[in-house]
Amino acid sequence: MRTCVGCRQCRPAAELVRLVADTGVNPPVVVIDHRKTMSGRGAWLHPDPECLGLAVQRKAFVRAFRIGGLTVDSDLLMREIESVATQRGRHKPATEEQVAEDMSTP
Ligand SMILES: [Zn+2]
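Residues numbered from 1 in each chain as written. Predicted model: local features only at pLDDT ≥ 70, side-chain atom pairs only at ≥ 80, totals over all residues. Heavy atoms only, no water.

By the naming in an unreviewed UniProt entry, the protein is YlxR domain-containing protein, taken from Williamsia limnetica.

Structure below.
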């Protein structure tokens, strides 16, 4: 079980998204660890804009990662969270192959 840094509820990790601090950029920034395989300290959050809003409000990420100068691009995270929420809502279990949606290509 993991604790959502937004609403503080304990939920199975499968229901939450993992966030990590990307320290490869300056200043470090909070990113979503979609595969849940990135190293380092992680924070867990519901794929829910409300939980993200709460987490940003109470500076939960700064506290979770303990990294000086950490920035939170809440607009970017909000878009990603919304896309995760949409995907999870639309495609229930993995009965249909997900079309590769590579957000990183321009
Ligand atoms: Zn939550």
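After presenting the structure, the write-up continues.
1. Topic: the nonpolar core
If you look at the biggest cluster of nonpolar residues, it comprises 22 residues, and the most contacted ones within it are Leu19, Leu45, Phe61 and Phe65. The set of elements that each furnish at least two residues to this core consists of strand E3 (17–22), strand E4 (29–33), strand E5 (42–45), helix H1 (49–57), helix H2 (60–65) and helix H3 (74–90). Sorting elements by how many residues they give to this core places H2 first, with four residues. Once residues lying within four places of it in the same chain are set aside, the contact partners of Leu19 are Val30, Val31, Ile32, Asp33, Arg41, Gly42, Ala43, Leu45, Phe61, Phe65 and Leu77. (Core = buried A, V, L, I, M, F, W, Y, C linked by side-chain atoms within 4.5 Å. Buried < 20%, exposed > 50% of the residue type's maximum accessible area, 1.4 Å probe, protein only. Helix = DSSP H or I, 4+ residues; strand = E, 2+ residues; numbered from the N terminus. Contact = heavy atoms within 4.5 Å.)

2. Some details on the pairing of E3
With five of six residues buried, E3 lies mostly within the body of the structure. Pairing analysis gives four bridges linking E3 to E5, with the strands arranged antiparallel. Considered in E5, the bridge of Val17 is made with Leu45. The pairing of E3 with E4 spans five bridges and is antiparallel. Along E4, the bridge assignment pairs Asp22 with Val29. (Pairing = 2+ DSSP bridges.)

3. Topic: the sheet that holds E4
Read from one edge to the other, the open sheet built from three strands follows the order E4-E3-E5, with strand pairing classed as antiparallel. Where the open sheet ends on each side, the last strands, each with one partner, are E4 and E5. In this sheet, adjacent strand axes meet at a mean angle of 35° when their direction is disregarded. (Axes fitted to C-alpha atoms, helices over the stretch in contact; angles between N-to-C directions.)

4. Side note on H1
Within the span of H1, buried status applies to Cys51, Leu52 and Ala55. Buried residues of H1 fall within an arc of 100° about the axis and therefore sit on the same side. Residues of H1 that are exposed and point more than 90 degrees away from the buried face comprise Glu50 and Gln57. Between the side-chain oxygen at the start of H1 and the backbone nitrogen of Glu50 there is a gap of 2.8 Å, and the oxygen is on Asp48. (Arc of directions from axis to C-beta. Polar contact = N/O pair within 3.5 Å; in protein donor to acceptor, adjacent residues only side chain to side chain.)

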